[in-house]
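Chain residues, written in single-letter form:
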Amino acid sequence: MHPLDIDQLRTLVAIAESGSFTRAADHVHKTQSAVSMQMKRLEERIGREIFAKAGRGVRLTDDGERLLDYARRIVRLQSECLATFDEGDLAGRVRLGLPDDYVDRYLPEILGRFARTHPRAEVTVICEPTDMLAERIADGDIDLAIVTEARGRRTVETIRTEALLWVTSSRHAVHTEQPVPLALGRPACNWRRVAIEALERGGRQSRILFVSWNSTAVGAAVLAGLAVSVLPESAVRPGMRVLGPQDGFSALPACRIGLLRHRAEEPNPLADILAGQIRQCLDNLGLAAE
């Protein structure tokens with residue numbers, strides 16, 4: 001039997017992660033027709049249909065899902081093997097900052113992927129609010145930062161957009177209280193300003209009950225049924241209920257997540273590679289708002 005083509009498997013993974021042949025073509029640096037031909041040959045190789053029509057697009061068949069699981073493992077193992085034996089593999093240190101709002105959702109995928117491709121590199125992670133990370137970038141204390149993009153910060157590269165949501169405990173009715181008790185960030189927090197302005201426009205009174213720059217602490221106040229808060233879609237946790245206009249909470253502006261880079265005199269190839277992987281990871285993750 002002829003072996004599977006690793007390039008075809010890599011393209012299959014790209015299609016599954018990006019959600020379309022067109023976006024996958026960009027990821028694997030091929031034309032859309034070349035991607036379609038690769039998938040046709042892969043179907044011929046295994047003798048099964050990988051894709052089935054779903055409206056105007058396509059979806060993976062059951063056989064396609066089974067193959068995808070193997071494809072991911074094969075592609076990952078190849079990358080790890082090459083990184084292990086590549087004498088030119090980069091070593092050194094890269095420093096990454098991000099608010100703790102994004103740690104649980106983004107960091108495992110980012111660190112896992114970077115560790116597989118660059119096992120000899122050291123990554124230092126710093127969790128602080130966006131304003132403090134921006135200062136660290138300016139001072140050269142860190143190389144990269146995933147931040148909440150705010151108005152007036154022109155150097156931020158937008159890499160993801162999510163819905164910003166009102167949340168409360170699914171087991172309590174604290175959102176019905178007047179004034180509405182809130183758990184929010186410190187006064188400089190952009191989400192705090194947006195939340196209070198939205199309530200004022202809707203004619204609802206509120207009071208700040210709990211303040212912290214730590215999203216885990218804010219989430220604890222919400223889950224305990226003490227207060228209402230605002231979180232990006234990816235940070236909503238089990239036990240939280242999303243509030244909407246039917247509950248008296250108007251829609252909030254989208255949350256734009258960006259990447260900040262320190263432009264050092266000496267180039268840092270590891271920072272360049274990690275930046276590229278962060279863009280791909282956040283682009284591929286679900287729950288993004290258009």
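A. How the structure looks around the sheet that holds strand S3 (residues 92-98). The mixed open sheet is built from five strands, whose spatial order is S4-S3-S5-S12-S6. Either end of the sheet is taken by a strand with one partner, and the two such strands are strand S4 (121-127) and strand S6 (157-162). Adjacent strand axes in the sheet meet at a mean angle of 20° when their direction is disregarded. The strands that helix H5 (residues 103-117) touches are S3, S4, strand S5 (144-148), S6 and strand S12 (255-261); relative to S4, the one it contacts most, it runs at about 170°.

B. Region of interest: the sheet that holds strand S10 (residues 229-232). The strand order across the open sheet formed by three strands is S10-S7-S11, and the pairing between neighbours is antiparallel. Single-partner strands in this sheet number two, and they are S10 and strand S11 (240-243). Shown here is a sheet whose adjacent strand axes are inclined to one another by a mean of 50°, direction ignored. Note that strand S7 (residues 164-169) and S10 share four bridges and pair antiparallel. Across the sheet, Val 167 pairs through a bridge with Ser 229, a residue of S10. Packed on one face of the sheet, helix H7 (residues 190-201) meets S7 and S10 and runs near 80° to S7. Contacting S7, S10 and S11, helix H8 (residues 215-223) crosses the sheet at an angle of about 50° to S7.

C. Structural view of the nonpolar core. Ranked by internal contacts, the top residues of the largest apolar core, which has 39 residues, are Ile 146, Trp 166, Ile 278 and Leu 282. Elements with a minimum of two residues in this core: S3, H5, S5, S7, strand S8 (180-184), H7, S12 and helix H9 (269-284). The leading source of residues in this core is H9, at seven residues. Of all hydrophobic cores here, the second largest spans 19 residues; its members include Leu 9, Ala 14, Val 35 and Leu 67.

D. Representation of the packing of helix H1 (residues 6-18) against helix H3 (residues 32-46) within the structure. Where H1 meets H3, the closest approach of the two axes is 10 Å, and the angle between their N-to-C directions is 115°. Taken together, the axis directions place H1 and H3 in an arrangement best described as roughly perpendicular. The handedness of the crossing between H1 and H3 is left-handed. The residues of H3 that touch H1, namely those facing Asp 7, Gln 8, Leu 9, Thr 11, Leu 12 and Ile 15, are Val 35, Gln 38, Met 39, Arg 41 and Leu 42. Residue classes in the contact of H1 with H3 are distributed as six nonpolar, three polar and two charged.

E. Spatial organisation of the pairing of strand S2 (residues 57-60). Summarising the sheet, strand S1 (residues 51-54) and S2 pair through four bridges and their orientation is antiparallel. Bridge pairing in S2 places Lys 53 opposite Val 58. What sits between the antiparallel neighbours S1 and S2 is a turn of two residues, in which Gly 55 has the positive phi angle 65°.

F. A look at unusual backbone geometry. Here Gln 178 and Pro 179 are connected by a cis peptide whose omega angle stands at -5°. In this fold, Pro 179 is placed in the loop between S7 and S8. A positive phi is found at His 29, a non-glycine position, where the angle reads about 60°. Mapped onto the elements of the fold, His 29 is located in the loop between helix H2 (21-27) and H3.

G. Structural view of the pattern of salt bridges. A full pass over the atoms with the stated rule returns 13 salt bridges. Of the charged contacts, one joins Asp 143 and Arg 95 as a salt bridge, the two residues approaching to 3.0 Å between their closest N and O atoms. Linking Asp 143 in the loop between helix H6 (130-139) and S5 with Arg 95 in strand S3, this pair joins segments that are 48 residues apart in sequence. In this pair, the class of Asp 143 matches that of Arg 95, namely buried. Two residues, Arg 160 and Glu 162, come together in a salt bridge whose shortest N-O distance is 2.7 Å. One exposure class covers both Arg 160 and Glu 162, and it is buried. One network of salt bridges, with partners in common, ties together Asp 7, Arg 10 and Lys 30.

Rules behind the numbers
- Residues numbered from 1 in each chain as written.
- Predicted model: local features only at pLDDT ≥ 70, side-chain atom pairs only at ≥ 80, totals over all residues.
- Heavy atoms only, no water.
- Pairing = 2+ DSSP bridges.
- Helix = DSSP H or I, 4+ residues; strand = E, 2+ residues; numbered from the N terminus.
- Axes fitted to C-alpha atoms, helices over the stretch in contact; angles between N-to-C directions.
- Contact = heavy atoms within 4.5 Å.
- Core = buried A, V, L, I, M, F, W, Y, C linked by side-chain atoms within 4.5 Å.
- Buried < 20%, exposed > 50% of the residue type's maximum accessible area, 1.4 Å probe, protein only.
- Parallel < 35°, antiparallel > 145°, perpendicular 65-115°, else oblique.
- Left-handed = near helix turned anticlockwise from the far one by under 90°.
- Nonpolar A, V, L, I, M, F, W, Y, C, P; charged D, E, K, R; others polar.
- Salt bridge = Lys/Arg side-chain N within 4 Å of Asp/Glu carboxyl O.

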